[in-house]
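Chain by chain, the residues run as shown.
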Amino acid sequence: MGTATWMMCFTLDKKTFDSEEAHELYQSLPNVCFEGSAELQTVCDCGERGDKMITATSDDGSHVIIHLYHFAYLTVDITFVVEDIDQIKPLSEPFTLQNLSEKRKNLENHLGQLVKKSESLSVPIRRGPGITWTYGQTGDERLFETDYEEIVFEADSKWQNIKIAKSREFGNVLLLDNDIMLGESDLVYTETLLGLGRNEFRDKTILILGGGDGGILHELLKMSPAYVLMAEIDEEVIKACSKHMKKVCGDTLEKWEGANYKIKICDCILELKEALTSGTKYDYVINDLTEFSVDKDKYGFEYPFETSCTILEFSMKILKIGGKYLARGNCLSARNYRNQFEKDVRTLGYDFTRTDVHVPSFLETYSLYEVVKKETIDA
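Reading the values: rules and limits
- Position numbers for residues count from 1 along each chain, tracking the sequence in the order it is written.
- Selection of residues for local features in this predicted model requires a pLDDT of at least 70, selection of side-chain atom pairs for listing and counting requires 80 or more, and totals for whole chains, interfaces and linings are taken over all residues.
- Just so you know, side-chain values use all the structure's heavy atoms and leave hydrogens and water out.
- Paired strands are those between which DSSP finds at least two bridges.
- Only DSSP runs of H or I reaching four residues or more are called helices, and only runs of E reaching two or more are called strands; each is numbered from the N terminus.
- Every axis corresponds to a line fitted to the C-alpha atoms, with the helix fit spanning only the stretch in contact, and the corresponding angles, defined between N-to-C directions, vary from 0 to 180 degrees.
- Contacts: residue pairs with any heavy atoms within 4.5 Å of one another.
- Think of it this way: a Phe, Tyr or Trp ring, Trp meaning its six-membered ring, pairs with another when their centres are within 6.5 Å, and the plane angle makes it stacked under 30 degrees, edge-to-face over 60, tilted otherwise.
- Relative accessibility thresholds used throughout: buried, under 20% of the residue-type maximum; exposed, over 50%; partly exposed, between the two (1.4 Å probe, protein chains only).
- Here the term cavity refers to a set of points on a 1 Å grid, laid over the protein atoms alone, in which a 1.4 Å probe fits but cannot get out; the term pocket refers to an open set having protein on both sides within 12 Å along at least five of seven lines, with lining residues being those that place an atom within 4 Å of a point.
- Grid points are joined across faces, edges and corners, and a volume is the space filled by probe spheres set on the points.
- Crossings are sorted by hand: turned counterclockwise from the far helix by less than a right angle, the near helix makes the crossing left-handed, and turned clockwise it makes it right-handed.
- Charged residues are taken to be Asp, Glu, Lys and Arg, nonpolar residues to be Ala, Val, Leu, Ile, Met, Phe, Trp, Tyr, Cys and Pro, and polar residues to be all remaining types, Gly included.
- A pair is scored as a salt bridge if a Lys or Arg side-chain nitrogen falls within 4 Å of a carboxyl oxygen belonging to Asp or Glu.
- Residues enter patches when their relative accessible area tops 30% and they take part in no salt bridge; the joining distance is 9 Å for like charges and 5 Å for the nonpolar side chains Val, Leu, Ile, Met, Phe, Trp and Tyr.
- Using the Shrake-Rupley algorithm and a 1.4 Å probe, accessible areas are obtained, with residue cover drawn only from the displayed protein chains.
- A residue counts as positive if it is Lys or Arg and as negative if it is Asp or Glu; His and the chain ends are not included.
- In plain terms, the charge of a residue is placed at NZ if it is Lys, CZ if Arg, CG if Asp and CD if Glu.
- For the purposes of these results, a polar contact is taken to be a pair of N or O atoms within 3.5 Å, where, inside protein, one atom must be able to donate a hydrogen and its partner to accept one; residues adjacent in sequence count only when each atom of the pair is a side-chain atom.

A. Inspection of the sheet that holds strand E11 (residues 161-167) at higher detail. The sheet built from four strands is open, its strands ordered E10-E11-E12-E13 with antiparallel pairing. Every other strand in the sheet has two partners, leaving strand E10 (148-156) and strand E13 (179-183) as the edge strands with one partner each. Across the sheet, the mean angle separating the axes of adjacent strands is 25° when strand polarity is ignored. Of the strand pairs in this sheet, strand E12 (residues 171-176) and E13 are connected by four bridges, and their pairing is antiparallel. Opposite leucine 176, over in E13, you have aspartate 179 as the bridge partner. Sitting on the sheet, helix H5 (residues 235-244) touches E10, E11 and E12, and the angle it makes with E11 is about 15°.

What follows is the structure, given as structure tokens:
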């Protein structure tokens, strides 16, 4: 079983919306919302400005909540109780676009000349124990819906919740704490982050920060680097992706060490600090971490930070002259994050190249950065 919640709103005629005849129409709306009979439950005042709320239920437990607002606005939210879960994954009768459009038209006809304008979701919000949660938000907090059919893997590691969802369009998709990390459709993300066609990795030394899905490492090893160290904090991510994200990582994650690479389970910021202390230098540092900031107070670093981005500062310090810092940014819609990162780069005296690319499973355009190490900034 599950529920399907359909949401509508109506802009009403300000001259007649509060008349006695109008209120009689509002109270009879539940009978239009349901196929069978509806039982009126409550009609009550909301606040001191004349707002009202009407609730009603149907025989099967479905219910409707109707709000009338003093600014001549009406919202109608119907939650249907669905016996056959397959009806709403994906949608079928009676929850199709056509059926819901007809129901909205019936409500408009019922309200008649009271209605000046109406809007509704074209499809309902779906919830229930047998339904994979498919809703997420963009970088500027807009709701979107994915097409996940099932969760093929889920576990809580020491660090985070790990999910791998099966998408009809994008293949398997890795989510960490419900944030989309990468889908099997997203080779364009990896290729853009690496700057293929612009950067040369043959015989280079490379440090990957994060990268637990294995995509960056897998592609790099095709290009004969001298040595790649992947510093990933969560081995459970590696194990899950090795089994369920083969189109991303191939068999690369099955062995954690080879002739020219090593996967090290560690906190990457401590790996950066160790490299700085030992004098180890890299041709490339690739930041494939999530966007969450690192608490620098946790580590007791000895030098004063110039920016809010400790990962950036450490990475630039351990690069060879002419080396490059390649970093995932955030969705193009996450302006605050992007502006802060670009400000931090400029604060350190560097220029950057930003490439914006649409990443399929993200359902958004993503910003990826390249910063070149200059001799004058080396500490």
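The rest of the description comes next.
B. Geometry of the packing of aromatic side chains. Taken as a whole and judged by the stated rule, the model has 11 aromatic pairs. Each ring, one from tyrosine 189 and one from phenylalanine 362, has its centre 6.0 Å from the other, and the planes form 55°; the classification is tilted. Of this pair, tyrosine 189 sits in helix H3 (residues 187-194) while phenylalanine 362 is found in the loop between strand E20 (352-359) and strand E21 (364-372), placing the two residues 173 residues apart along the sequence. For the pair tyrosine 189 and phenylalanine 362, a shared accessibility class is recorded, and that class is buried. Judged by centre distance (4.5 Å) and plane angle (40°), the rings of phenylalanine 201 and tyrosine 284 are tilted. Of this pair, phenylalanine 201 sits in the loop between H3 and strand E14 (205-210) while tyrosine 284 sits in strand E18 (residues 282-288), and the two are 83 residues apart along the sequence. Of the two residues, phenylalanine 201 and tyrosine 284, both sit in the buried class.

C. Summary view of helix H8 (residues 310-317). Counted residue by residue, H8 has seven buried out of eight residues, so it is predominantly covered. Among all positions in H8, only Thr310, Ile311, Leu312, Glu313, Phe314, Ser315 and Met316 are buried. In this fold, the buried residues of H8 make contact with E14, helix H7 (268-278), E18, strand E19 (319-331), helix H9 (335-347) and E21.

D. Broad picture of empty space enclosed by the protein. For the coordinates displayed, the defined rule picks out one cavity of 30 Å³ or more. The computed volume of the largest cavity comes to approximately 30 Å³. Looking at the largest cavity, the residues that line it are Thr192, Leu193, Arg198, Thr353, Thr355, Leu368, Tyr369 and Glu370. Elements with a minimum of two residues in the lining of the largest cavity: H3, E20 and E21. The biggest single contributor to the lining of the largest cavity is E21, with three residues.

E. Local environment of the pairing of E21. Within E21, seven of the nine residues are buried, which leaves the element mostly enclosed by the surrounding structure. Pairing of E19 with E21, which is carried by six bridges, proceeds in the antiparallel orientation. Within E21, the residue paired with arginine 328 across the bridge is leucine 368. As judged from the eight bridges shared by E20 and E21, these two strands associate in the antiparallel manner. The residue of E21 that forms the bridge with valine 359 is glutamate 364.

F. Representation of the packing of H7 against H8. It is the contact of H7 with H8, at a shortest axis distance of 9 Å, that shows an interaxial angle of 30°. By crossing handedness, the relation of H7 to H8 is classed as left-handed. Every residue of H8 that contacts H7 at Cys268, Ile269, Leu272, Lys273 and Leu276 is listed here: Thr310, Ile311, Phe314, Ser315 and Lys317. Residue composition of the contact of H7 with H8, by class: six nonpolar, two polar and two charged.

G. Structural view of the pattern of salt bridges. Inspection of the entire model under this criterion finds 19 salt bridges. A salt bridge links arginine 104 to glutamate 108; the shortest N-O distance between them is 4.0 Å. Of the two residues, arginine 104 and glutamate 108 are both situated in helix H2 (residues 97-111); the distance of four residues between them amounts to about one turn of the helix. A salt bridge links glutamate 370 to arginine 198, with the shortest nitrogen-to-oxygen separation between them at 3.0 Å. Here glutamate 370, found in strand E21, pairs with arginine 198, found in the loop between H3 and E14; they are 172 residues apart in sequence, far enough to count as distant. One network of salt bridges, in which partners are shared, links Arg104, Lys105 and Glu108.

H. Main features of the layout of surface pockets. Looking at the second largest pocket, its volume works out to about 640 Å³. For the second largest pocket, the lining is made up of 29 residues, of which Gln137, Phe144, Asn178, Asp179 and Ile180 are closest to its centre. Class assignment for the residues of the lining of the second largest pocket results in 14 nonpolar, nine polar and six charged.

I. Geometry of the sheet that holds strand E17 (residues 261-265). Here eight strands make up an open sheet; going across it, the order is E16-E17-E15-E14-E18-E19-E21-E20 and the pairing mixed. Sheet topology places strand E16 (257-258) and E20 at the edges, where each strand pairs with a single neighbour.

J. Structural detail: a negative patch on the surface. Taken together, Glu39, Asp59, Asp60, Glu83, Asp84 and Asp86 make up a surface patch of like negative charges. Along the chain, glutamate 39 falls in strand E2 (residues 38-46). Relative accessible area serves as the criterion here: at 51%, glutamate 39 is assigned to the exposed category.

K. Focus on the environment of asparagine 178. Tracing the chain through its elements places asparagine 178 in the loop between E12 and E13. The spatial distance from the C-alpha of asparagine 178 to the C-alpha of isoleucine 164 is 9.8 Å, given a sequence separation of 14 residues. When residues no more than four places from it in sequence are discounted, the contact partners of asparagine 178 are Asn161 and Lys163. At 2.7 Å, the side chain of asparagine 178 and the side chain of lysine 163 are in polar contact.

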